[in-house]
Amino acid sequence: LYEDSTPFHKRLSLRKLITLGRVLEPKLNRADISAIEKEMPSKTEFFITIPLTALQIKAYNIYAQALLKGSGANGPGNTRLWQWLHVLGLLCNHPLPFVNKLDERRYSLEQTAKPRQRKVMAATDESQGDALPTDVVLADIGLTPDMIEQALQPFRKLDEEDRLEDPVLSNRSLIVKQIVEESIHLGDKVLIFSHAIPT
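A quick note: this is a predicted structure, and the numbers were derived from the prediction, not measured.

Each value, and the rule that gives it
- Residues numbered from 1 in each chain as written.
- Predicted model: local features only at pLDDT ≥ 70, side-chain atom pairs only at ≥ 80, totals over all residues.
- Heavy atoms only, no water.
- Helix = DSSP H or I, 4+ residues; strand = E, 2+ residues; numbered from the N terminus.
- Buried < 20%, exposed > 50% of the residue type's maximum accessible area, 1.4 Å probe, protein only.
- Contact = heavy atoms within 4.5 Å.
- Polar contact = N/O pair within 3.5 Å; in protein donor to acceptor, adjacent residues only side chain to side chain.
- Expected span 1.5 Å × (residues − 1).
- Salt bridge = Lys/Arg side-chain N within 4 Å of Asp/Glu carboxyl O.
- Core = buried A, V, L, I, M, F, W, Y, C linked by side-chain atoms within 4.5 Å.
- Phe/Tyr/Trp six-rings, centres within 6.5 Å; stacked < 30°, edge-to-face > 60°.
- pLDDT = per-residue confidence, 0-100.

## A closer look at the overall build of the protein
Part 1 of the argument: For the protein, the helix and strand inventory stands at 8 helices and 0 strands.
Part 2 of the argument: Reading the secondary structure of the protein in the N-to-C direction produces α-α-α-α-α-α-α-α.
Part 3 of the argument: The burial tally for the protein puts 24% of its 199 residues in the buried class.
Part 4 of the argument: Excluding contacts between residues fewer than 6 apart, the proportion of contacts in the protein whose partners are at least 24 apart in sequence is 67%.

## Some thoughts on the side chain of S170
Part 1 of the argument: Its place among the elements puts S170 in the loop between α7 (156-160) and α8 (171-186).
Part 2 of the argument: If near-sequence neighbours (up to four positions away) are discounted, S170 is found in contact with T53, Q56, C92, N93, H94 and P95.

## Some thoughts on the side chain of Q56
Part 1 of the argument: Within the secondary structure, Q56 sits in helix α2 (residues 54-71).
Part 2 of the argument: Q56 gets classed as buried once you look at its relative accessible area, which sits at 1%.
Part 3 of the argument: A distance of 2.7 Å separates the side chain of Q56 from the backbone oxygen of L91, its partner in a polar contact.

## As for α8
Part 1 of the argument: Helix length check: α8 (16 residues) gives 22 Å between terminal C-alpha atoms against 22 Å at 1.5 Å per residue, within 8%.
Part 2 of the argument: You can read the cap of α8 off the contacts: a side-chain oxygen lies 3.3 Å from the backbone nitrogen of R172, and it is on S170.
Part 3 of the argument: Positive phi appears at G187, one or two residues downstream of α8, with a value of about 80°.

## A short note on the pattern of salt bridges
Part 1 of the argument: Under the counting rule described, the total for this entry stands at 7 salt bridges.
Part 2 of the argument: Put simply, R156 and E149 hold a salt bridge, and the shortest N to O gap is 3.2 Å.
Part 3 of the argument: Among the ionic pairs, E181 bridges to K177, the shortest N-O distance being 3.5 Å. Residue E181 and its partner K177 are located together in helix α8, separated by 4 residues, close to a single helical turn.
Part 4 of the argument: What emerges from the salt-bridge pattern is a single network uniting D103, R106, E149 and R156.

## Structural notes on the nonpolar core
Part 1 of the argument: Counting residues in each nonpolar core, the largest one holds 19 residues, and the members touching the most others are Y63, F98, V99, L102, F155 and L164.
Part 2 of the argument: Contributing elements (two or more residues each) for this core: α2, α3 (78-93), α4 (95-123) and α6 (145-152).
Part 3 of the argument: If we skip the residues at most four places from it in the chain, V99 touches L152, F155 and L164.

## So, the packing of aromatic side chains
Part 1 of the argument: Scanning all chains against the criterion turns up 2 aromatic pairs.
Part 2 of the argument: Look at Y63 and F98: their rings are 5.5 Å apart centre to centre, the planes differ by 90°, and that puts the pair in the edge-to-face class. On the criterion of sequence distance, the pair formed by Y63 in helix α2 and F98 in helix α4 is long-range, its members being 35 residues apart. Here Y63 matches F98 in class, with each residue buried.
Part 3 of the argument: Where F98 meets F155, the ring centres are 6.0 Å apart and the plane angle is 65°; that geometry is what we call edge-to-face. Residue F98 is located in helix α4, and its partner F155 is located in the loop between α6 and α7; the two are separated by 57 residues in the primary sequence.
Part 4 of the argument: Here the aromatic residues Y63, F98 and F155 are joined through ring pairs into a cluster of three or more.

## Here's the deal with the confidence of the model for the protein
Part 1 of the argument: Per-residue confidence for the protein gives a mean pLDDT of 79; residues scoring 70 or more make up 79%.
Part 2 of the argument: The element-level mean pLDDT for the protein is lowest in helix α5 (residues 134-137), coming to 36, with α8 highest at 94.
Part 3 of the argument: Across residues 120-141, confidence stays below pLDDT 50; counting only partners more than four residues off in sequence or on other chains, it has 23 contacts.

If you want it as structure tokens, here you go:
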């Protein structure tokens, strides 16, 4: 069933899958949650609202203002808005994934700008000045490397001091750390789910 398989091989594969399904059917015992529902303890959920740290609020506001400034008069499109929310969500979890994501984006923007700058420079007389500025070249993207650097400014000192991974920088991380430590102390098992791999 590969993309480049011939129609003959695709039909042959489907026939074999159907045959395999018939052979395995009596041997498979699929059960849903109702099979063990009575034996399971009741589920208790806690929803904890955790405020951002002062540093997270400062970075959040700087980044949001840079985004709104870069989006122009029409405002952001849906795709761009979801990208912004994803990055802001990383910041709400902990500053480190936010910083890493913005560093990655800035590098990507700078690499995208380099070929355009060379083309513009080649097309103009060298005596007339430098290539097109990066912020003009990247206007269609909505963020410039300078805007990203401005959003990262609150974290530069922490990065230099190698304290950017500290759980204290985020109340969420601190609470999760305390829950895990207490669970280990009590001998409980813990599963932690997150919406983002960097987090």
